[in-house]
Amino acid sequence: MGRVSMNIRWSADLVSSCVLFFVVASAPFPFGSTNNLAIAFWCACLGTALVFAPANALRRPHLWIIAGIFIVVAAYGFALHEQLSDSPWIAPYHPIWKQLGSLFDTAVAPSASIVRYEALFAVGAPLANILAILVGLVIGADARRARQVMLVIALSGSFYAAYGVFSFLIEPTMILWRDKTAYLSSVTGTFINRNTAAAYFGSCAVIWILLLLTDVRRHLPGGRFRWSNLSRDLAKIPQASIALKFAALLICVMAMFMTGSRAGVAVSLLSMIFVFVVFLRKDLRPRTGVWMALAAAALVALVLLELLGGRVVGRFDSQGLTDSGRLEGWKSSLLIIADTPWFGTGMGTFQSAFPAFRSPNISMRGTWNAAHSTPLEVALEAGIPMTLLLASAWAVMLTVLARGVLSRKRDASIPLAAIGTALLALLHSGLDFTLQIPGYSIPFFALFGVGLAQSFHSGEGSIEPKGAAANALSTRAHTSGSPKQSSFQVLGP
């Protein structure tokens, strides 16, 4: 009976893990998965993985994190009710419906959202992210699976980077099987937008740096970098695996620079420097080592920027970090937030709300379908309270990941990869809409979940009953003190 139970548990773990591997590797493929049908498919896959994911490795700290995630879920549920219901509990009706009724000289059924039922379609991407972080947390409680998730994201990123570079060289006017209508002079991989592509390739490069450093450290005597003997020790390391990881890192960095994205390249380089220095912090001199490592990493980043980032440097020189049109767009978004601060205009309604507040200083060409700042767009569509709740959730997650990086001796690279990519995503989403693209957000929310799961030691916060633990300790002490009896118990019936 016990063997049957173990086989079922192993099969469930294999199914959930394979589904998660498939999702994190494939989500960027269909043009960044921005289509509602693609989002629904990933939600179904992640829901299936969550159903089959074995929870036996979860400990008390993991349960507290899951409880926090369900608070966010409850907040989204409340916002959905207020914006979809004909009779919201506390949200006021948006005045646009009264104005619309006066135009037609008839009563129009009001709503808290300026576009009725739009929130139902807009909740798909946040739901996919929540499912991804939950599945990553449950599956990532097993350290072996956590390392596999990290490797799958990195490998798939290098394949997308290679595709992006080669497709740009061979046929730059196509993305997969569609005509490329924008960013013809930039590598975008399977994404439509070059900024999202830069953040994705940069995030994968962050993971490859950690995988490379971990592999090098594992082959060093004593598992530490001894700088005086470093050249001799490196010569003894098997070159094949190091060369493959370095090649994968190089292709991701090359694709990142070829996107031509200013903010994407800048925040990616900052994240790479961050994880490099934090990983090596214990091997550096107490006072001057960190500063020397920072200087060396910054110098390498500047050299790479000079050699590979000519277009990026040119755009920095001519336009700075961001253009004036985007700044005007943020000012217009702030006016909308001030107009509806508590419940917003409704999830998914930015494109409908923005024209009435659009600054005359913005070019009349094109339409604005995003605020180019995720925090601003969340506040605009869902209200300031929801934005503050999500900011608090991010702060808790970063704190837990930082604790994991500082406290763990083994597998510390997993929470470090999560916090490095989380900081990259946060910084870039303040200037663009990276976290609103499911093809980027789903793999990295899964990585955040894995990093949270591995931020605690294997025995920390065990939910095993105290009595059972005491009996186990008593039995262990009894058998260790009586070797003859112990051998009889093992060999006897």
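Keep in mind it's a predicted model, so treat the numbers as computed, not measured. (Residues numbered from 1 in each chain as written. Predicted model: local features only at pLDDT ≥ 70, side-chain atom pairs only at ≥ 80, totals over all residues. Heavy atoms only, no water.)

Engineer: Whenever I open this one, the overall build of the protein confuses me. Can you help?
Structural biologist: When helices and strands are tallied, the protein shows 21 helices and two strands. Taken across its 493 residues, the protein has 49% of its residues classed as buried. Partitioning the contacts of the protein with sequence separation of at least 6, the portion at a separation of at least 24 is 76%. Here the protein displays about 24400 Å² of accessible surface, and carbon together with sulfur accounts for 68% of that area. (Helix = DSSP H or I, 4+ residues; strand = E, 2+ residues; numbered from the N terminus. Buried < 20%, exposed > 50% of the residue type's maximum accessible area, 1.4 Å probe, protein only. Contact = heavy atoms within 4.5 Å. Areas by Shrake-Rupley, 256 points an atom, 1.4 Å probe, with all protein chains shown as cover.)

Engineer: Quick question: what am I supposed to make of the packing of aromatic side chains here?
Structural biologist: What describes a pair of aromatic rings is the distance from one ring centre to the other and the angle between the planes of the rings. Taken as a whole and judged by the stated rule, the model has 17 aromatic pairs. Relative to Trp 42, the ring of Phe 22 lies with its centre 5.7 Å away and its plane at 55°, an arrangement referred to as tilted. Remark: Trp 42 occurs in helix α2 (residues 36–52) and Phe 22 occurs in helix α1 (residues 2–26); sequence separation between them is 20 residues. Phe 22 gets classed as partly exposed once you look at its relative accessible area, which sits at 40%. (Phe/Tyr/Trp six-rings, centres within 6.5 Å; stacked < 30°, edge-to-face > 60°.)

Engineer: Quick question: what am I supposed to make of the nonpolar core here?
Structural biologist: The tendency in soluble globular proteins is for nonpolar side chains to be buried side by side. Core analysis: the biggest nonpolar cluster contains 120 residues, and Phe 201, Tyr 440, Phe 444 and Phe 448 have the highest contact counts within it. No other element matches the 15 residues that helix α8 (residues 194–219) contributes to this core. Counting residues in hydrophobic clusters, the runner-up holds 13 residues, among them Ile 114, Phe 354, Ala 371 and Leu 380. (Core = buried A, V, L, I, M, F, W, Y, C linked by side-chain atoms within 4.5 Å.)

Engineer: Would you take a moment to explain the packing of helix α10 (residues 239–258) against helix α11 (residues 262–279) for this structure?
Structural biologist: A pair of packed helices can be characterised by two numbers: the angle between their axes and the separation between those axes. Between α10 and α11, whose axes approach to 10 Å, the crossing angle comes to 150°. The angle between α10 and α11 falls in the class roughly antiparallel. Residues Val 253, Met 256 and Phe 257 of α10 form the contact with α11, whose own contacting residues are Val 265, Ser 268, Leu 269 and Met 272. Classifying every residue of the contact of α10 with α11 gives six nonpolar, one polar and no charged. (Axes fitted to C-alpha atoms, helices over the stretch in contact; angles between N-to-C directions. Parallel < 35°, antiparallel > 145°, perpendicular 65-115°, else oblique. Nonpolar A, V, L, I, M, F, W, Y, C, P; charged D, E, K, R; others polar.)

Engineer: How do you make sense of the side chain of Thr 349 when you look at a structure like this?
Structural biologist: Mapped onto the elements of the fold, Thr 349 is located in the loop between α14 (324–339) and α15 (350–353). Here Thr 349 is in contact with Ser 113, Ile 114, Val 115, Glu 118 and Glu 381, once residues within four sequence places are set aside.

Engineer: Is there a simple way to think about the pattern of salt bridges in this case?
Structural biologist: Working definition: two side chains of opposite charge can pair if their charged atoms are close together. Tallying each qualifying case throughout the model produces seven salt bridges. Salt-bridge contacts for Asp 86 lead to Arg 116; the nearest nitrogen and oxygen are separated by 3.7 Å. Of this pair, Asp 86 sits in the loop between α3 (60–84) and α4 (96–104) while Arg 116 sits in the loop between α4 and α5 (118–122), placing them 30 residues apart in sequence. The class of Asp 86 is partly exposed, set by a relative accessible area of 47%. A residue is classified by how much of its surface remains accessible, and Arg 116, at 23% relative accessible area, is partly exposed. (Salt bridge = Lys/Arg side-chain N within 4 Å of Asp/Glu carboxyl O.)

Engineer: What am I meant to see in α8 here?
Structural biologist: Every α-helix winds through 3.6 residues per turn, so residues three or four apart in the chain are directed the same way. Here α8 contains 26 residues, and its C-alpha end-to-end distance of 38 Å stays within 8% of the 38 Å for a straight helix at 1.5 Å per residue. With 22 of 26 residues buried, α8 is to be regarded as a mostly interior element. N-cap assignment for α8: the residue whose side-chain oxygen lies 2.7 Å from the backbone N of Asn 195 is Asn 193. (Expected span 1.5 Å × (residues − 1). Polar contact = N/O pair within 3.5 Å; in protein donor to acceptor, adjacent residues only side chain to side chain.)

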